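# Summary of structural features
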Amino acid sequence: ITLEDVHVPCSKVIGEVNKGFYYIMYNFNHERWGFIAQSTEFARVCLDEATRYALRRRTFGKTLVEHPVIRAKIGEMARQIESTHAMLELMTYQMTQMSKEEQMTKLAADSALIKVQATKMFEYCAREAAQIFGGNSYIRGGQGEKVERLYREVRAMAIPGGSEEIMIDLAVRQILKPIKKL
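Note that the structure is a prediction, hence the values are computed from the model and not measured. (Residues numbered from 1 in each chain as written. Predicted model: local features only at pLDDT ≥ 70, side-chain atom pairs only at ≥ 80, totals over all residues. Heavy atoms only, no water.)

### What about the overall build of the chain?
To keep things clear, this is the line we draw: Note on conventions: DSSP H or I runs of at least 4 residues are helices, E runs of at least 2 residues are strands, and numbering of each starts at the N terminus. Three labels apply to residues, based on accessible area from a 1.4 Å probe with only protein chains included: buried if under 20% of the type maximum, exposed if over 50%, partly exposed otherwise in between. What makes two residues a contact is simply this: any of their non-hydrogen atoms within 4.5 Å. Under the convention used here, Asp and Glu are negative, Lys and Arg are positive, and both His and the chain ends fall outside the count. Charge positions are represented by NZ for Lys, CZ for Arg, CG for Asp and CD for Glu.
When you go through the chain residue by residue, the secondary structure sums to seven helices and two strands. Listed by position from the N terminus, the elements making up the chain come as α-α-β-β-α-α-α-α-α. For the chain, the C-alpha atoms occupy an extent of roughly 70 × 45 × 25 Å along the three principal directions. Across the 182 residues that make up the chain, the buried fraction comes to 36%. Taking contacts inside the chain between residues at least 6 apart in sequence as the whole, the part at least 24 apart equals 75%. In the chain, the 26 positive side-chain charges and the 22 negative ones have mean positions that sit 4 Å from each other.

### Some remarks on the confidence of the model for the chain
Atomic detail in the predicted coordinates should be set aside for any region of low pLDDT. Keep this limit in mind: For every residue, the predictor assigns a confidence score, pLDDT, that lies between 0 and 100.
Summary statistics for the chain give a mean pLDDT of 93 and a share of 100% for residues scoring 70 or more. Within the chain, the element-level pLDDT minimum falls on helix α1 (residues 20-26), averaging 74, and the maximum on strand β2 (residues 62-63), averaging 98.

### Comments concerning helix α5 (residues 108-133)
Rule in force here: Any helix carries an expected span of 1.5 Å times its number of residues minus one.
Counted at 1.5 Å a residue, the expected span for α5 with its 26 residues is 38 Å, and the 37 Å between its end C-alpha atoms agrees. Burial analysis of α5 places 19 of its 26 residues in the buried class, the great majority of the element.

### Focus: the nonpolar core
Formally: Only buried Ala, Val, Leu, Ile, Met, Phe, Trp, Tyr and Cys residues count toward a nonpolar core, and they belong to the same one when joined by side-chain atoms within 4.5 Å.
One finds Cys46, Ala54, Ile74, Phe122, Cys125 and Ile132 to be the most contacted residues of the largest nonpolar core, which totals 26 residues. Elements with a contribution of two residues or more to this core: α2 (28-56), α3 (68-97), α5 and α6 (145-158). When residues of this core are assigned to their parent elements, the largest contribution, nine residues, is made by α5. Once you skip the residues sitting within four places of it in the chain, cysteine 46 turns out to touch Met77, Phe122, Cys125, Ala126, Ala129 and Leu150. If you look at the next biggest cluster of nonpolar residues, it comprises seven residues, including Ile36, Met91, Met95 and Ala118.

### What about unusual backbone geometry?
In this structure, aspartate 5 takes a positive phi of about 55 degrees despite not being glycine. As for its placement among the helices and strands, aspartate 5 is situated in the segment before α1. In this structure aspartate 5 comes out as exposed when scored by relative accessible area, which is 82%.

### Thoughts on the layout of surface pockets
Selection criterion: Cavities and pockets are found on a 1 Å grid laid over the protein atoms alone: a cavity is a set of points where a 1.4 Å probe fits but cannot escape, a pocket is an open set with protein on both sides within 12 Å along at least five of seven lines, and a lining residue has an atom within 4 Å of such a point. Grid points are joined across faces, edges and corners, and a volume is the space filled by probe spheres set on the points. Think of it as three bins: nonpolar holds Ala, Val, Leu, Ile, Met, Phe, Trp, Tyr, Cys and Pro, charged holds Asp, Glu, Lys and Arg, and polar takes everything else, Gly as well.
The computed volume of the largest pocket comes to approximately 190 Å³. By volume, the second largest pocket is sized at about 150 Å³. Residue lining of the second largest pocket: Met25, Phe28, Asn29, Arg32, Met104, Thr105, Ala108, Leu170 and Gln174, and that is the complete set. In the lining of the second largest pocket, the residues fall into five nonpolar, three polar and one charged.

### Things to note about the side chain of threonine 119
Among the secondary structure elements, threonine 119 is positioned in helix α5. Given the relative accessible area of 1%, threonine 119 is considered buried. Setting aside chain neighbours within four positions, we find threonine 119 in contact with Ser39, Met157, Ala158 and Glu164.

### Here's the deal with the pattern of salt bridges
For clarity, the cut-off: Definition used for salt bridges: Asp or Glu carboxyl oxygen within 4 Å of a side-chain nitrogen of Lys or Arg.
Taken as a whole and judged by the stated rule, the model has 12 salt bridges. With its nearest N and O atoms 3.4 Å apart, the salt bridge here joins lysine 146 to glutamate 49. In this pair, lysine 146 is assigned in helix α6 and glutamate 49 in helix α2, connecting sequence segments 97 residues apart. The exposure class of lysine 146 is partly exposed, given its relative accessible area of 45%. The structure contains a network of salt bridges with shared partners spanning Glu41, Arg44 and Glu82.

Below you can see the structure in the form of structure tokens.
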């Protein structure tokens, strides 16, 4: 939607005139926190579903999980999920200890980088879970239905709240601000 030359009566203005972008930015850390938490949990679902499937599915006379390559996939997914979850917990703690104003200045770079980490990790876990499920991950319904659905949702986590490229650029600019003052 593009709005040009729109008159808003003074009685309908929310907040101060020409401060809309500031109001949006004021909430971005919390919005990103939500995407981080969702991406982390969705990745955990991919890991859980893939692990359960690998314990049941048999190939070449043994379960999938008995194959070293499958264990490596499961282990790498778990490593990425747990490290991202630790970052989420740290950010959550910091948000509970800081005012909104402090969060805007001190957490902008971290929230941007953690969002990138979380969405890339979710994409990795969805892809690896799909690999473990094989053809069952393409079917809407059946054993791989959760993985199939989550794989489609990856971009829905990565783009809102700032795409990965924009988040990395924002973080670098935030990190450079105090350095440029030296």
